[in-house]
Amino acid sequence: GKIEHPGLMKAKLSRVPLSTINVLAHQFKEVLNIQFPRPETKYRTPAFFTMSTRDPLLSYQTTLDEITAHFQHVHTVPLDFPFHQPATPFTTDELERAIGKDLREFLGRK
């Protein structure tokens, strides 16, 4: 958290040793180029997918496309947060407001 803004990331990276940056660059390259094999048939296990459509680090549509390529039944709950990860963990009340109704519906509870 707290690195979504380019200025903050630049300030933090300027204090990191070059050897660490090289390791991180290699790991980023590996993560960004990973290809998940598509299953011959989609999984029948229902999937619950929730993510911010405004995530500054990951593409909502790319992530949704990947999940729907693997699962037959995907319950989606798009969120509208301007961050990838909150600065502090969500409280139970915040989670209830954001996804509670959808999660209960997905689990078959009222």
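Just so it is clear, the structure is predicted and the values come from calculations on it, not from any experiment.

## Some words on helix H3 (residues 60-70)
Considered for burial, the residues of H3 that qualify are Tyr 60, Leu 64, Ala 69 and His 70. Contact partners of the buried residues in H3: strand S1 (47-52) and strand S2 (74-79).

## A look at the side chain of His 75
Structurally, His 75 is set in strand S2. Leaving out residues up to four positions away in the same chain, His 75 has contacts with Ala 47, Phe 48, Phe 49, Asp 102, Glu 105 and Phe 106.

## Some points on the environment of Asp 55
Along the polypeptide, Asp 55 turns up in the loop between S1 and H3. You can call Asp 55 buried: its relative accessible area is 11%. Residue contacts for Asp 55: discarding those within four places in its chain leaves Phe 81, Phe 83 and His 84. For Asp 55, the side chain forms a polar contact with the main-chain nitrogen of Leu 57, separated by 2.7 Å.

## Overview of the packing of aromatic side chains
Each aromatic ring pair is characterised by the separation of its centres together with the angle its planes make. The tally for this structure, following the rule as stated, stands at 6 aromatic pairs. Pairing Phe 81 with Phe 83 gives two aromatic rings, centres 5.2 Å apart and planes at 10°, and the pair type is stacked. The class for Phe 81 is partly exposed, based on a relative accessible area of 23%. Put simply, the rings of Phe 81, Phe 83 and Phe 90 pair up and form one aromatic cluster.

## Overview of the pattern of salt bridges
Using the criterion set out here, one finds 3 salt bridges in the structure. Across the pair Asp 80 and Arg 54 runs a salt bridge whose closest N-O atoms are separated by 2.7 Å. One end of the pair, Asp 80, is in the loop between S2 and helix H4 (92-107); the other, Arg 54, is in the loop between S1 and H3, with 26 residues separating them in the sequence. The exposed category is assigned to Asp 80, whose relative accessible area is 52%. Residue classification places Arg 54 among the partly exposed residues on the basis of a relative accessible area of 43%. A salt bridge links Arg 104 to Glu 96, with the shortest nitrogen-to-oxygen separation between them at 2.9 Å. Using a relative accessible area of 29% as the deciding quantity, one classes Arg 104 as partly exposed. Take Glu 96: its relative accessible area is 40%, and that puts it in the partly exposed class.

How each quantity is defined
Residues numbered from 1 in each chain as written. Predicted model: local features only at pLDDT ≥ 70, side-chain atom pairs only at ≥ 80, totals over all residues. Heavy atoms only, no water. Buried < 20%, exposed > 50% of the residue type's maximum accessible area, 1.4 Å probe, protein only. Helix = DSSP H or I, 4+ residues; strand = E, 2+ residues; numbered from the N terminus. Contact = heavy atoms within 4.5 Å. Polar contact = N/O pair within 3.5 Å; in protein donor to acceptor, adjacent residues only side chain to side chain. Phe/Tyr/Trp six-rings, centres within 6.5 Å; stacked < 30°, edge-to-face > 60°. Salt bridge = Lys/Arg side-chain N within 4 Å of Asp/Glu carboxyl O.

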